[in-house]
Amino acid sequence: MNILLADTILTMDPARPVLREGAIVFDENIEEVTDDQAAIERWREKALVIDGGKRSVALPGLINAHTHLEFSGAATELNYGGFIAWLSSVIEKRETLVRGLNKAFIDGVLEDMLRGGTTAIGAISSYGFDLESLAGAKQRVVYFNELIGSNPAAADQIFSAFLDRVAMSDERRSDRFNSAIAIHSPYSVAPALVRKAIALSQNRKTPLSTHFLESEGERRWLESGSGEFKGFFEKAFKLEEPFCSAKEFLSFFADTKTIFTHCANAGDEELDMIGALGGAIAHCPVSNRLLGCGLLSLEKLKNREIPYLVATDGLSSNYSLNLFDELRSALLMHEGLDLPLLARDLLISVTDAAAKALGLNCGRLASGYAADIISFKLSGDVSDEAALPLQVILRAPSAMEHIFINGERV
Ligand SMILES: [Zn+2]
């Protein structure tokens, strides 16, 4: 048994969010989280003591629910500011983006993420190039095999190649690595394929992920077959009209547990539907800004009780996969919201809410949860408890001092 002592513990447990001069007692799972000094003394005698030190803060390891580790290289070649401009540059520079990509490179990216406090990842994989790295990662991984295919005539071939990738990732399943299914988007996957992938995911009882209403162009294309997607699709895929409307696409997701990524251009009706489906939304504010997609309204989600998960997306649409960087950007971008409350919600989004959406038993420091814990030292005191989440986001260092996953120091 281990006991980690910390001046401040942010538990993400709504019953008692903050403990001062507390301790987390854990093996693989958390036995007890307490600020009862007599209990701490008793545990100190029989457990391995790890003292976080003065001004230390412990919290659950962070969870990045939506990232792409493929296409991590050569992002300096990409165009930013508009979605189609960016997508065209990705297609044009595809060879360059993939060239720098090898296992050592992705392993390095994963190490950086870990050092910054990310102990679990929802990774979207388009090709399987990242399988070796992610199956051997120290972090917990939900590996989303992504289906993409806009040619209905080739549907069988596309699906069979997709099933091969799913089978390869299934072989690597372990206590830290789970494989799951993602559908690229309403504009890039033919409905027959969408239905098959959803049925497969339902049988597997794993979470499902899809991009949805990321850009204004996507919205116009799905609504009326017009806008900047029109010329692009005609040229690139000889597609003259959208497969389905946004609402039709959502209707396929009944009885699923789905993470809808972006939704920056979702209207009230689509958000109502996502709320009714019990969906969660992965929110990638930096990516949305760089691709000119606007800003998701967190207030609209709150009104509908839709959980959101701040995530980084991939390095082709971000400069950092560090979640504290992303949280700092989110704090600054959602300028209308109450700052301390927003900070609290943002931390929940990358811990407890993300764990629930990914089907993981972590994200909270409470008895029975997996012992995924990070800790670091603040440079000064924070006497106002309500200001703690904000100060933690603002001041978190680029490298954590202690990191435990499943109770193991990493
Ligand atoms: Zn994405």
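Basis of the calculations
Residues numbered from 1 in each chain as written. Predicted model: local features only at pLDDT ≥ 70, side-chain atom pairs only at ≥ 80, totals over all residues. Heavy atoms only, no water. 1 Å grid on protein atoms, 1.4 Å probe; cavity = no way out; pocket = protein on both sides within 12 Å on 5 of 7 lines; lining within 4 Å. Points joined across faces, edges and corners; volume = space filled by probe spheres on them. Helix = DSSP H or I, 4+ residues; strand = E, 2+ residues; numbered from the N terminus. Nonpolar A, V, L, I, M, F, W, Y, C, P; charged D, E, K, R; others polar. Donors = N, O, S within 2.8 Å, 3.2 Å for Na, K, Ca; no water. Tetrahedral: all angles 85-135°; square planar, octahedral: opposite > 155°, others 65-115°. Buried < 20%, exposed > 50% of the residue type's maximum accessible area, 1.4 Å probe, protein only. Axes fitted to C-alpha atoms, helices over the stretch in contact; angles between N-to-C directions. Parallel < 35°, antiparallel > 145°, perpendicular 65-115°, else oblique. Left-handed = near helix turned anticlockwise from the far one by under 90°. Contact = heavy atoms within 4.5 Å. Salt bridge = Lys/Arg side-chain N within 4 Å of Asp/Glu carboxyl O. Domains from an automatic or database assignment. Polar contact = N/O pair within 3.5 Å; in protein donor to acceptor, adjacent residues only side chain to side chain. Phe/Tyr/Trp six-rings, centres within 6.5 Å; stacked < 30°, edge-to-face > 60°. Lys NZ or Arg CZ within 6 Å of the ring centre and 35° of its normal.

## Some remarks on the layout of surface pockets
Okay, step 1: Within this model, the largest pocket holds a volume of roughly 840 Å³.
Okay, step 2: If you trace the largest pocket, you find 31 residues lining it, with Phe71, Leu87, Tyr127, Ile148 and His184 closest to the centre.
Okay, step 3: Of all the secondary-structure elements, those providing two or more residues to the lining of the largest pocket are helix H2 (83-92) and helix H9 (228-237).
Okay, step 4: With 5 residues, the single largest contributor to the lining of the largest pocket is H2.
Okay, step 5: Of the residues belonging to the lining of the largest pocket, the class tally is 13 nonpolar, 12 polar and 6 charged.
Okay, step 6: Space inside the second largest pocket adds up to approximately 440 Å³.
Okay, step 7: What lines the second largest pocket is a set of 18 residues, among which Lys302, Ile306, Pro307, Tyr308 and Asp345 lie closest to the centre.
Okay, step 8: Contributing elements (two or more residues each) for the lining of the second largest pocket: helix H13 (298-303), helix H15 (339-349) and helix H16 (352-358).
Okay, step 9: Residue composition of the lining of the second largest pocket, grouped by class: 10 nonpolar, 1 polar and 7 charged.

## Observations regarding the coordination of the zinc ion
Okay, step 1: Taken together, the protein ligands of the zinc ion are His66 (NE2), His68 (NE2), His211 (NE2) and Asp313 (OD), with distances of 2.1 to 2.6 Å.
Okay, step 2: Around the zinc ion sit 4 donor atoms; with metal-centred angles ranging over 85 to 165°, the donor geometry is irregular.
Okay, step 3: Donor residues binding the zinc ion come from one chain and are separated in sequence as H-x1-H-x142-H-x101-D. A residue pair is termed long-range when its members are at least 10 positions apart, and His66 in strand E6 (residues 62-67) and Asp313 in the loop between strand E13 (308-310) and helix H14 (323-333) qualify at 247 residues. In this pair, the class of His66 matches that of Asp313, namely buried.

## Remarks on the packing of H14 against helix H17 (residues 388-395)
Okay, step 1: For the pair H14 and H17, the least separation of the axes is 8 Å and the interaxial angle reads 120°. In terms of orientation, H14 lies oblique with respect to H17. The hand of the H14/H17 crossing is left-handed. When H14 is examined against H17, the residues Phe324, Leu327, Arg328 and Leu331 are found in contact with a partner set consisting of Leu390, Val392, Ile393 and Leu394.
Okay, step 2: The class makeup of the residues in the contact of H14 with H17 is 7 nonpolar, no polar and 1 charged.

## Looking at the pattern of salt bridges
Okay, step 1: All told, the structure shown has 27 salt bridges when counted by the stated rule.
Okay, step 2: Between Arg328 and Asp325 there is a salt bridge whose closest N-O contact spans 3.0 Å. Of the two residues, Arg328 and Asp325 are both situated in helix H14; the distance of 3 residues between them amounts to about one turn of the helix.
Okay, step 3: Relative accessible area serves as the criterion here: at 23%, Asp325 is assigned to the partly exposed category.
Okay, step 4: With a shortest N-O distance of 3.0 Å, Asp345 and Arg344 are connected by a salt bridge.

## Observations regarding the domain arrangement of the chain
Okay, step 1: Domain annotation for the chain reports domain 1 (2-61 + 364-409) and domain 2 (62-358).
Okay, step 2: The C-alpha centroid of domain 2 is placed 31 Å from the C-alpha centroid of domain 1.
Okay, step 3: Counting residues at the interface gives 25 residues for domain 1 and 28 residues for domain 2.
Okay, step 4: At the junction of domain 1 and domain 2, the tally comes to 3 salt bridges.
Okay, step 5: Here Glu408 ties to Arg176 by a salt bridge, and the two come within 3.4 Å at their closest N and O atoms.
Okay, step 6: Linking domain 1 with domain 2 are 6 residue pairs in polar contact (both at pLDDT 80 or more).
Okay, step 7: Elements with a contribution of two residues or more to the side of domain 1 that touches domain 2: strand E5 (56-60), strand E14 (373-377), H17 and strand E15 (402-405).
Okay, step 8: Of the residues belonging to the side of domain 1 that touches domain 2, the class tally is 19 nonpolar, 3 polar and 3 charged.

## A look at the packing of aromatic side chains
Okay, step 1: Using the criterion set out here, one finds 17 aromatic pairs in the structure.
Okay, step 2: When the ring of Phe83 is compared with that of Phe229, the centres are 5.8 Å apart and the planes differ by 15°; the resulting orientation is stacked. With a gap of 146 residues between them, Phe83 in helix H2 and Phe229 in helix H9 connect regions that are remote in the sequence.
Okay, step 3: Sitting over the ring of Trp43, Lys46 keeps its end group 4.7 Å from the ring centre.

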